[in-house]
Structure formats: C-alpha cells, structure tokens
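Structural characterization, general
Here is what each chain is made of, one letter per residue.
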Amino acid sequence: MTTAAYTLTWDLDVFFKDGSHSVEFESFLKEINEAMTGFEVEVKKWDASNVLREKNDFLMLLHSLQTNSQMLRQAGAFVNCLQAQNMHDTKANELRGKVSNHLARLNTILTIFDDKLKTISEKNWHQLLQMDELKELYFVLNERREMAKEMLPKEQEALINALSVDGYHGWGEMYDTLVSQVKIPYEENGEVVELSVGQAHNKFSHPDRNVRAKIFENWEKAWDEKAELFAATLNHLAGFRLSIYENRKWNEVLKEPLSYNRMQKETLESMWEVISEFKKPLTEYLKRKAELLGVEKLSWYDLDAPIGEVNSHFSYQEGAEFIIQHFSEFGDQLARFTKKAFEDSWIEAEDRPGKRPGGFCTSFPVSGQSRIFMTYSGTPSNVSTLAHELGHAFHSYALKDVHPLNRNYAMNVAETASTFAEMIVADASVKNAKNDEERLALLEDKIQRTVALLMNIHARFLFETKFYEERKKGIVGKDRLNELMLEAQKEAYGDCLEEYHPLFWASKLHFFITGVPFYNFPYTFGYLFSLGIYAQAQKEGKGYEDKYMALLRDTGSMKVEDLAKKHLNVDLSKRDFWEEGVKLCIKDIDEFLEATKN
C-alpha cells in the first residue's frame, strides 16, 4: 500500500484560521485576558497565612496558573510559527507585541503569587505538600518557592516585568526584524538571486568549494552591513539582564542559566573540562578533512562540506519514510507518533524565500500538538535535522499524561530527546549506505555534528561568558565583539582553521533569545547525555522504549543530576560519565581516520 504524499507546509488553521488575520485568534487573546483578570483577582485576595485551613483556594490557584500558562503558551507558539514562516508578516509582529504584553502581565501576577508563597512557614509548607493532590508537584512547587526567596520585593519585580516588554523583549524582537532584512546574493544559472538566511546557510553543505566560499563572502558582508545595529541590540539585551542580576545581588552570570537548567555548576565544569582535554582527536579529524578537500587548512565554510560523493538526495517523502522506518526499530510509540506528525501536517519544511533561518519545535499545549519548522533541501543533514526536531515533539508527547505543571523541562534535557532521535537516523544512514564511499561520507556527516556540539557550542559558551564579563564594565563595540568571537573560535577549534566567522555573534539567533539565557551549553549537555541513553538503548533493544519514556516523563520535575542517578545510575558532577560520552564520539573519528589514511 502506497503512503499518501506528505505536504511540506504545516497546518496552522487547525488552531486558528486565517493566520495573522485570524478572528478566532483575536477572540482567543480576549479569553486569555479574561482568564488572567480572574487569576489576578484570585491571587490578590488569597490569604497565604490561612493556607492549611483553606487548601482548596490554593488548589484553585494552581489550576488557574495551569490554565493561564497553557493558553499563553498556545498563543505564543502560534505567533512564533507565523513569524517563522514569513518574516515579512507585519501583522504577526503586532500580534507578538500583544502576546508579550500578556506574558509580562502573567509574570507580574506570578510575582504577587510567589511573594505570598515565601511567607508560608516551613512547617505549614511541608504539611501542605503532603496533600494527595500536591504530592506529585512537590518538586516544582518547592522550586518555585525557593526561587521566590531570591527575588526583589514584588513591586520591583513587577516593574521589571513591565519594563521588559519594550526593553528586554523589545530588543529580542528588534533582532528578528533586522534578520528579516538580511539577504544573501547568490548567482545561479547566470542569474543573481537573493537568498534568505536559511536558504543561504544550506549552501555551506554544497560540494563545490567555490560556491561555499562565495556564499561565505556574501554572508559576512550581509551581517557586517547591520553589525552596528546587531551590536547595539546584543548590548542592550545583556545590559538589561545584568541590571536585574545586580539588583538581585546575583554576582555569578551563570546563576540564572544553571538554575533554569536545574543543573549544578560542578556538572557544567566537569563537562567542559573533559571536552577541552579531548580536543586532539577532533583537531586530527579537521586536519584530515582538510587533506581530503585538498586544502592546507579548513575554513569556516568548509566545516559542513561533504566528503566524497554522496548520491543520497532524499525527497521530503523519502526522508520522512526513512525516519519512520528507523524510529520503528527503536520503538513502536515513537514510530506511530512520527507518522501522525507527517500525516497531520505538523511540519513546515518548504524551501522558499522569506522564512526565518534555522529550525525549531514548539508545542501547542491546549491542543496537545506540536509544530516543527525547518528548511528542507534534501541533504542527509536535513534528514537528521528533521529527526532532531521530531525528537523534541516526541518529548512533549511523552509528557501528555503528566500533570501540566510538571511538563516544564529545561533546555538541557530538551536537547536530549532531540539528539537521541537524531542519532537513530544518523546511525541508520551510515549502516544503510550503498557503498564504502557513501558510508564514509555519511560517517563524516555524523562527525560534523560532534564537531558542532563539542567545538562550535564551546566557542559560543566561551564568547558569551567573556562578553558578559566585559559588558559589566560598559558597552562592548562591534569590533570588540568580533575579537571576542574570534578568540573563542580559535580556542574551541584548537586554532586549526584558516578562516573563522567573527560575525557569528550577529548571525546566531541563540545569542538574542530573551527567554533562555546562555542558550549554548544545553546542546552539548543534551548530546553527551543522550549518548549515555543511546548506548543503553542499543544494549537493551526495542524494549528500552518504555524506560526511555519514563525518563522523559521525569524531565520536568527533577534536577538533572537526580534524573541521571535515577535512570542511568551515574553521577553527572564527576568526570567519568562525560569521558565515556566523549570517547563514544571519538570512536567515529578513529573509524574515519582509519578509513581515510594514505
């Protein structure tokens, strides 16, 4: 039986018809406003000192919190999808402003709620959490109360929330506006066309070095043209964040990202320490790749270049069926879920101008669905990216029966499920290669991801750490930002590239995302953490899926160290686990070096 053709564009009408001009969505925003007004009244009249006698009031507040959070997440996801599919949709940008206002309002209400939470005595608090209805929420409620104790007085936190709409989040939106204007000229068949950032980025996988070099030259020019504006945006974002830290007496820049990721500093330090010590095999691989490409040293635009002849061009349909087939070898639930995502048009993959660069997965909690965004051009790397984003969506699916307040997992464990799914497909691609040359090319494509996660992400972390330290002293200009990025890239890549990408700080969206500080190390954590899970899955076979889903269900209600101890019986703060993960990466490199030696 032939599978019906999968569409390359997603279905957003199932949520709200007519896109950014949706009457249904405007009505939904009014519902949010009404729900939030009711929640605000409930919070303000709540007597926390009477919490044990009036337990039902607290349960009602939690239900309202759940409802408001899910509705706002649904609205934010819809607008994010609208903006991504068409960066020139000015109406969608207006809707983003409305959602940001609602978000700021909810945060202000929660500031009042949290301020009352911390007034509950320890004795009453622990007694409250023994209620049958609250036992499963012990971790998240306790976490919320502890974080509330570190906040400023509620009036000041409310002011921060209000100012963040046009300040903090406004600068994040400014970045999106600037990126929508970036065009990369590219000559094709004698005609110069203007590529979107996403389309141009796909050209860095082109087999012709002249094409890559020319695209990179135009890429750098395009980002440099607006570099002063990007620098101002980045400085104001960081300045806003640092001002909040200073007022809260947070001296450590990593305090918020570590707290957000429910992760100890010792774990992060152990991970980077091990990676830094095992860079030699990575640099050996880069040197060998340079030899194979016939150059003395690789340049930035060569990092994603294919090695040898890869005849594997996957149509979207072929890529989808390949993913489903190999997901089914891991587990039936993952395969069924993925098939449904394709059949129900959850994915926007069309290669067209005007789209936002990169890829993402976002959830619509009210509808119990997800949506995936990327630009698909048929490369093996595109298939892996598609699998990666489907892994994110499956993570949300795995949490469907968990209490809504226990579904808020951090980015480091979010990247675990996505990377795990990507590994299934990458390994399958290598094993299913038609010949030795293709197998080598696909193995190298897999190693490219290792380089990205252990070197590129490391460079981002080094850059951002140094940038924030300098930003404490004042504005960091465009030229200095370029210097900091160049220094970080040289350190992370062992100084083995000929040309670097000093304007990477401007071209990478993650530096400008307001919702997640230091959106870098979670990728590397997720990669190495998922390697440990993947190794276990390979040992146990198809029956491991239930254990894997049990781990995913715990990701929103545990610290990562406790999660690893419970499900993998490992200590993340120690070097052993990270060494095992990095050594698994090096096995691929050793195989590549052996296969390509003279």
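All values derive from a computational prediction rather than experimental measurement.

1. Looking at the overall build of the protein chain
Secondary structure summary: the protein chain contains 24 helices and five strands in total. Taken over the C-alpha trace, the protein chain has a radius of gyration of 24 Å; the compact-globule value for 598 residues is 25 Å, and the two agree within 12%. Counting only C-alpha atoms and orienting by the principal axes, one finds that the protein chain spans roughly 80 × 55 × 50 Å. Burial analysis of the protein chain (598 residues in total) assigns 56% to the buried set. With the model as given, the accessible surface of the protein chain reaches about 25600 Å², and the carbon-plus-sulfur share is 49%. Seen as two clouds, the 73 positive and the 94 negative side-chain charges of the protein chain have centres 4 Å apart.

2. Here we look at helix H14 (residues 316-330)
Here H14 contains 15 residues, and its C-alpha end-to-end distance of 22 Å stays within 8% of the 21 Å for a straight helix at 1.5 Å per residue. Looking at the buried side of H14, the elements it contacts are helix H15 (332-343), strand E3 (347-348), helix H16 (380-398), helix H17 (411-431), helix H21 (521-540) and helix H22 (545-554).

3. Observations concerning the UniProt feature "coiled-coil region" (unreviewed entry) in the protein chain
Feature annotation in UniProt assigns "coiled-coil region" (unreviewed entry) to the following positions: residues 426-453. Between the C-alpha atoms that bound residues 426-453 the distance is 15 Å, and the span itself is 86% helix and 0% strand.

4. Side note on the sheet that holds strand E5 (residues 369-373)
The strands making up a sheet are joined through hydrogen bonds of the backbone, oriented either antiparallel or parallel. With mixed pairing, three strands are arranged side by side in an open sheet as E3-E5-E4. Strands at the two margins of the open sheet, each flanked by one partner only, are E3 and strand E4 (360-364). This element, helix H2 (residues 55-85), spans E4 and E5 of the sheet and lies at about 145° to E4. Across the face of the sheet, H16 comes into contact with E3, E4 and E5 while running at roughly 165° to E5.

5. Some thoughts on the packing of aromatic side chains
Throughout the structure, instances matching the rule amount to 49 aromatic pairs. Here Phe58 and Phe113 contribute two aromatic rings whose centre-to-centre distance is 6.4 Å and whose plane-to-plane angle is 20°, an arrangement assigned as stacked. Residue Phe58 is located in helix H2, and its partner Phe113 is located in helix H3 (residues 90-117); the two are separated by 55 residues in the primary sequence. Both residues of the pair, Phe58 and Phe113, count as buried. For the pair Tyr175 and Phe230, a centre-to-centre distance of 5.3 Å together with 55° between the ring planes defines the contact as tilted.

6. A closer look at the nonpolar core
Across soluble globular proteins, nonpolar side chains have a tendency to be buried as a group. Counting residues in hydrophobic clusters, the biggest one holds 154 residues, and the most contacted among them are Trp223, Phe327, Leu386, Phe463, Tyr493, Trp505 and Leu528. Broken down by element, this core gets its largest block of residues, 15 residues, from helix H18 (residues 436-471). Excluding its chain neighbours within four sequence positions, the residues that come into contact with Phe463 are Leu234, Leu481, Leu484, Met485, Ala488, Trp505 and Phe511. Of all hydrophobic cores here, the second largest spans 49 residues; its members include Leu72, Cys81, Val99 and Leu137.

7. As for the packing of helix H7 (residues 168-180) against helix H10 (residues 227-247)
It is at 9 Å that the axes of H7 and H10 come closest, and there the two elements cross at 160°. Considering their axes alone, H7 and H10 lie roughly antiparallel with respect to each other. For the pair H7 and H10, the sense of crossing is left-handed. Seen from H7, the contacting residues are Tyr168, Trp171, Gly172, Met174, Tyr175, Leu178 and Val179; seen from H10, they are Leu229, Phe230, Thr233, His236, Leu237, Phe240 and Arg241. Residue classes in the contact of H7 with H10 are distributed as 10 nonpolar, three polar and one charged.

8. Notes on H10
Here H10 is 21 residues long and its end C-alpha atoms lie 30 Å apart, about the 30 Å a rise of 1.5 Å per residue gives. Where H10 terminates, the next one or two residues include Lys249, which has phi positive at roughly 65°.

9. Things to note about the side chain of Ser363
Position of Ser363 relative to the elements: it lies in strand E4. Overall, Ser363 belongs to the buried group, its relative accessible area being 13%. A polar contact of 3.2 Å, which involves the side chain of Ser363, links it to the side chain of Arg73. In this structure, Ser363 is in contact with Arg73, Ala77, Gln369, Ser370 and Ser396, ignoring residues within four places of it in sequence.

10. Let's talk about the pairing of strand E2 (residues 191-195)
The sheet contact formed by strand E1 (residues 184-188) and E2 spans five bridges and is antiparallel. The partner of Pro185 across the bridge, within E2, is Glu194.

11. Concerning the pairing of E4
Moving residue by residue along a regular strand, the side chains alternate between the two faces of the sheet. Within E4, four of the five residues are buried, which leaves it mostly tucked inside the rest of the structure. Pairing of E4 with E5 involves five bridges; the strand directions are antiparallel. Paired with Phe360 across the strands is Phe373, a residue of E5. With antiparallel pairing between neighbouring strands as the criterion, E4 and E5 make up a hairpin whose turn holds four residues, including Gly368 at a positive phi of roughly 70°.

12. Notes on unusual backbone geometry
Look at Arg262: it is not a glycine, yet its phi comes out positive at around 50°. With respect to the secondary-structure elements, Arg262 resides in the loop between helix H11 (255-260) and helix H12 (265-277). Unusually for a residue other than glycine, Phe518 sits at a positive phi of about 50°. Along the chain, Phe518 turns up in the loop between helix H20 (504-507) and H21. Taking relative accessible area as the criterion, Phe518 reaches 2% and is therefore assigned buried.

13. As for the side chain of Thr283
If you trace the backbone, Thr283 turns up in helix H13 (residues 279-293). By relative accessible area, Thr283 is classed as buried at 11%. Here the side chain of Thr283 touches Lys280 through a polar contact of 2.7 Å, landing on its backbone oxygen. Residues within four places of Thr283 in sequence aside, it is in contact with Met455, Tyr493, Gly494 and Cys496.

14. Here we look at the state of the cysteines
Evaluated as defined, the whole model comprises zero disulfides. With no disulfide of its own, Cys361 has Cys81 as its nearest cysteine by sulfur position, at a separation of 9.1 Å. We classify Cys361 as partly exposed; its relative accessible area is 22%.

15. Thoughts on the pattern of salt bridges
For the coordinates displayed, the defined rule picks out 50 salt bridges. Put simply, Lys135 and Asp132 hold a salt bridge, and the shortest N to O gap is 3.6 Å. A salt bridge links Arg480 to Glu483, with the nearest nitrogen and oxygen atoms 3.0 Å apart. Taken as a pair, Arg480 and Glu483 lie in helix H19 (residues 478-492) at a separation of three residues, close to a single helical turn. Bridged by salt links that share partners, the residues Asp115, Lys118, Lys154 and Glu155 form one connected network.

16. Thoughts on empty space enclosed by the protein
Overall, the coordinates contain one cavity of 30 Å³ or more when judged by the stated rule. Volume-wise, the largest cavity comes out at about 30 Å³. Listing elements by their share of the lining of the largest cavity, those giving two or more residues are H16, H17 and H18. The element best represented in the lining of the largest cavity is H18, accounting for three residues.

The rules behind these values
Residues numbered from 1 in each chain as written. Predicted model: local features only at pLDDT ≥ 70, side-chain atom pairs only at ≥ 80, totals over all residues. Heavy atoms only, no water. Helix = DSSP H or I, 4+ residues; strand = E, 2+ residues; numbered from the N terminus. Rg over C-alpha atoms; globule rule 2.2 N^0.38 Å. Buried < 20%, exposed > 50% of the residue type's maximum accessible area, 1.4 Å probe, protein only. Areas by Shrake-Rupley, 256 points an atom, 1.4 Å probe, with all protein chains shown as cover. Lys, Arg positive; Asp, Glu negative; His and termini not counted. Charge placed at Lys NZ, Arg CZ, Asp CG, Glu CD. Expected span 1.5 Å × (residues − 1). Contact = heavy atoms within 4.5 Å. UniProt positions renumbered as here; feature names shortened; annotations may be inferred. Pairing = 2+ DSSP bridges. Axes fitted to C-alpha atoms, helices over the stretch in contact; angles between N-to-C directions. Phe/Tyr/Trp six-rings, centres within 6.5 Å; stacked < 30°, edge-to-face > 60°. Core = buried A, V, L, I, M, F, W, Y, C linked by side-chain atoms within 4.5 Å. Parallel < 35°, antiparallel > 145°, perpendicular 65-115°, else oblique. Left-handed = near helix turned anticlockwise from the far one by under 90°. Nonpolar A, V, L, I, M, F, W, Y, C, P; charged D, E, K, R; others polar. Polar contact = N/O pair within 3.5 Å; in protein donor to acceptor, adjacent residues only side chain to side chain. Disulfide = S-S within 2.5 Å. Salt bridge = Lys/Arg side-chain N within 4 Å of Asp/Glu carboxyl O. 1 Å grid on protein atoms, 1.4 Å probe; cavity = no way out; pocket = protein on both sides within 12 Å on 5 of 7 lines; lining within 4 Å. Points joined across faces, edges and corners; volume = space filled by probe spheres on them.

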